[in-house]
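Residue-level structure breakdown
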Amino acid sequence: MRLPTDVLASASAYRVWQMPFAGQKFAPILRHNDLGTARRVLDVGCGPGTNTGYFGTADYLGLDINESYVAYARRRYRRKFLTADVCRYTGEGDGRFDFILINSFLHHVEDAAAVDILRRLAALLDPHGFVHILDLVLPPDPGVARFLARNDRGAFPRVTSRWQAIFEDVFRGVVFEPYRLTLGGVTLWQMVYFKGGPK
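Residues numbered from 1 in each chain as written. Predicted model: local features only at pLDDT ≥ 70, side-chain atom pairs only at ≥ 80, totals over all residues. Heavy atoms only, no water.

Quick look at the pairing of strand 5 (residues 125-137) now. Sheet faces and side chains relate simply in a regular strand, where the side chains alternate between the two faces. Burial of strand 5 is extensive: 10 of the 13 residues sit out of reach of the surface. Bridging between strand 4 (residues 97-103) and strand 5 involves six bridges; their strand directions are parallel. Looking at the pairing, Asn103 lines up with Leu134 of strand 5. Regarding the hand of the β-α-β motif, the stretch spanning strand 4, helix 5 (residues 111-122) and strand 5 is right-handed. Inspection of the sheet shows strand 5 paired to strand 7 (residues 186-197) by seven bridges, in the antiparallel sense. Its bridge partner being in strand 7, Leu134 is matched across the sheet by Tyr193. (Buried < 20%, exposed > 50% of the residue type's maximum accessible area, 1.4 Å probe, protein only. Helix = DSSP H or I, 4+ residues; strand = E, 2+ residues; numbered from the N terminus. Pairing = 2+ DSSP bridges. Right-handed = clockwise from strand over helix to strand, strands pointing away.)

Quick look at the structure:
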């Protein structure tokens, strides 16, 4: 059983699905960073603008392959959004970004594609900037979190050590923090936050 991909392709359905967890998911970024200092933000796999509101003072660009998400985000936030395949995006004309966010995207692609995407994004990162990655962990032990990770729309959740190896293959690690998303005291998903700079 996988989560309902066709239903979640709708921007409204996706927002309802994410709403109970969006704050918990973003919390490590808020803990480790002052978002008021972000000047140019690239939000990779931005969905329907889930995290756009955190970057009110920045020059912001959201990327997503889902045209419905992008159309919704443009209407709601009146910011710059682009329908693009992140696996091929090279940022031509967009310059460099000091804050690159990748929220729950890389578990949708295999290892080689994940590394290729990160290398493309490293070329777009300001020399003094950081990449910020939030993604789904595959827990080693049986339980609700492992079941949900195995049945997520993304087919490539990874154990924490594999995530760390992928991230640090491309970026210099600054923060690597596993954490949990809970509801009513039950861990539903295990996540990891990575902050990295240019090597």
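It is worth spelling out the pairing of strand 4 at this point. Burial runs high along strand 4: seven of the seven residues are buried. Pairing between strand 1 (residues 40-44) and strand 4: four bridges, direction parallel. Note on strand 4: the bridge partner recorded for Val41 is Phe99.

Turning to the nonpolar core, a few remarks are in order. Counting residues in hydrophobic clusters, the biggest one holds 30 residues, and the most contacted among them are Leu42, Ile100, Ile102, Leu106, Leu118 and Phe167. Contributions of two or more residues to this core are made by strand 1, strand 2 (59-64), strand 4, helix 5, strand 5, helix 7 (160-170) and strand 7. Broken down by element, this core gets its largest block of residues, five residues, from helix 5. Leave out the neighbours within four places in its chain, and Ile102 touches Val44, Leu118, Leu121, Val131, His132, Ile133 and Leu134. Counting 27 residues, the second-largest nonpolar core is a separate cluster that includes Ala38, Leu134, Leu136 and Leu138. (Core = buried A, V, L, I, M, F, W, Y, C linked by side-chain atoms within 4.5 Å. Contact = heavy atoms within 4.5 Å.)

Here we come to the side chain of Asn151. Along the chain, the position of Asn151 falls in the loop between helix 6 (144-150) and helix 7. The exposure class of Asn151 is buried, given its relative accessible area of 12%. In this structure the side chain of Asn151 is engaged in a polar contact, spanning 2.7 Å, whose partner is the backbone oxygen of Phe147. (Polar contact = N/O pair within 3.5 Å; in protein donor to acceptor, adjacent residues only side chain to side chain.)

Read these as spatial facts, not as claims about activity.
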